Amino acid sequence: MSSQSSVPWYDDFVGVAYRYYDLRMNVVPLFTDRKEAASLWHDTIHPWVDPSIKIRFLELDDNYWFIMGSDTQKPDTNLSFFKELPKSENYERFKKGHGGEAYLRLGVYAKKSLDDVKKDAVCDCNHEAQDHDEGDGDICLFNSCDCKKFSSFQVNLLKKKKILTDIKFLEEKDMKNDPLVWNCLNANKFSKSE
Ligand SMILES: [Zn+2]
Ligand SMILES: [Zn+2]
């Protein structure tokens, strides 16, 4: 598998979720469009050879770079994925808890408004839908809360999955030693900052 460097980079997804599901941690790149996710899976991820999938987390200050690539049985439609994201609680939980293995699945991310959800759905402000006033622009009714509008999101996981076993967390000093990471930063960070 000669030149990783000719594989195009792809970052047109909204983020990455980390969920326990089927007893293992799942790494879930998130898309807003189900069709787009399904066709990326079909064209690019399905032809990946599981043991060769590399997933890297490069930590730079409060952010991290999610970087993923693999050898493939279909080089014409191969892509490598990356996204710069803020460190989150779920990310830290995954870092501590993955145990060297995880499932890769794609997810579809949907924003939900007050009309779309059940009464006990939780808003981004941590209060339930029933604590938001349906009559008055859905403000939160807790006095101590300054939430002006109910908002929450739902992640639907696509069923198909791959098993990840090559998972690494890296710091800035390590980045030159990892070809996938180094390649990603050269293509998507250093070349653009000048
Ligand atoms: Zn709220
Ligand atoms: Zn609230």
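Because the structure is a prediction, the values reported are computed rather than measured. (Residues numbered from 1 in each chain as written. Chains lettered and ligands numbered in written order. Predicted model: local features only at pLDDT ≥ 70, side-chain atom pairs only at ≥ 80, totals over all residues. Heavy atoms only, no water.)

Draft legend 1. Region of the structure containing the packing of aromatic side chains. One pass over the full model with this rule turns up 21 aromatic pairs. Seen in terms of ring centroids, W9 and F82 are 5.9 Å apart; in terms of plane orientation they differ by 80°. Their pairing is edge-to-face. A residue pair is termed long-range when its members are at least 10 positions apart, and W9 in strand β1 (residues 9–10) and F82 in strand β6 (residues 80–86) qualify at 73 residues. Linked through ring pairs, Y10, F13, Y18, F31, W48, F57, Y64, F66, F81, Y91, F94 and F169 together constitute an aromatic cluster. Over the aromatic face of F13 sits the side chain of K83, whose NZ or CZ is 5.5 Å from the ring centroid. In this structure, K161 is placed above the aromatic ring of Y103, and the distance from its NZ or CZ to the ring centre is 4.7 Å. (Phe/Tyr/Trp six-rings, centres within 6.5 Å; stacked < 30°, edge-to-face > 60°. Helix = DSSP H or I, 4+ residues; strand = E, 2+ residues; numbered from the N terminus. Lys NZ or Arg CZ within 6 Å of the ring centre and 35° of its normal.)

Draft legend 2. Expanded view of the coordination of the zinc ion (ligand 1). Donor atoms from the polypeptide that coordinate the zinc ion (ligand 1) comprise C123 (SG), C125 (SG), H132 (NE2) and C147 (SG), at 2.1 to 2.4 Å from the metal. Coordination at the zinc ion (ligand 1) is tetrahedral, judged from the four donor atoms that bind it and the angles of 101 to 117° they form at the metal. Between the two metals, the zinc ion (ligand 1) and the zinc ion (ligand 2), the spacing is 3.9 Å, and C125 donates to both. Placement of the pair is C123 in the loop between β8 (107–112) and β9 (152–157) and C147 in the loop between β8 and β9, with a sequence separation of 24 residues. (Donors = N, O, S within 2.8 Å, 3.2 Å for Na, K, Ca; no water. Tetrahedral: all angles 85-135°; square planar, octahedral: opposite > 155°, others 65-115°.)

Draft legend 3. View of the layout of surface pockets. Reported here for the largest pocket is a volume of approximately 390 Å³. Lining the largest pocket we find 16 residues, and of these V16, A17, S88, N90 and F153 sit closest to its centre. The set of elements that each furnish at least two residues to the lining of the largest pocket consists of β2 (15–21), β6, α2 (89–97) and β9. Tallied by class, residues from the lining of the largest pocket come to 11 nonpolar, three polar and two charged. (1 Å grid on protein atoms, 1.4 Å probe; cavity = no way out; pocket = protein on both sides within 12 Å on 5 of 7 lines; lining within 4 Å. Points joined across faces, edges and corners; volume = space filled by probe spheres on them. Nonpolar A, V, L, I, M, F, W, Y, C, P; charged D, E, K, R; others polar.)

Draft legend 4. Structural view of the coordination of the zinc ion (ligand 2). Taken together, C125 (SG), H127 (ND1), C140 (SG) and C145 (SG) make up the full set of protein donors to the zinc ion (ligand 2), lying 2.2 to 2.4 Å away. Because the angles between the four donor atoms bound to the zinc ion (ligand 2) fall within 99 to 125°, the donor set is best described as tetrahedral. Here the donor residues of the zinc ion (ligand 2) are spaced in sequence according to C-x1-H-x12-C-x4-C. Of the residues examined, C140 reaches a relative accessible area of 6% and is grouped as buried. (Buried < 20%, exposed > 50% of the residue type's maximum accessible area, 1.4 Å probe, protein only.)

Draft legend 5. A look at the environment of G107. The residue G107 is located in strand β8 in this model. By relative accessible area, G107 is classed as buried at 0%. Linking G107 and S144, residues 37 residues apart in sequence, is a C-alpha distance of 34 Å. If we skip the residues at most four places from it in the chain, G107 touches V28, P29, L30, F31, V155, N156 and L157. (Contact = heavy atoms within 4.5 Å.)

Draft legend 6. Representation of the nonpolar core. Counting 30 residues, the largest nonpolar core has Y18, V27, F57, F66 and F81 as the members making the most contacts within it. Taken together, the elements giving at least two residues each to this core come down to β2, β3 (24–31), α1 (34–45), β4 (54–60), β5 (63–69), β6, α2 and β7 (102–104). For this core, the element with the most residues is α1, which contributes four residues. Beyond its immediate sequence surroundings of up to four residues, V27 is in contact with V16, A17, Y18, I55, F66, F94, A102, Y103, L104, R105 and L164. Membership of the second largest hydrophobic core comes to 11 residues, among which are L58, F82, M175 and L185. (Core = buried A, V, L, I, M, F, W, Y, C linked by side-chain atoms within 4.5 Å.)

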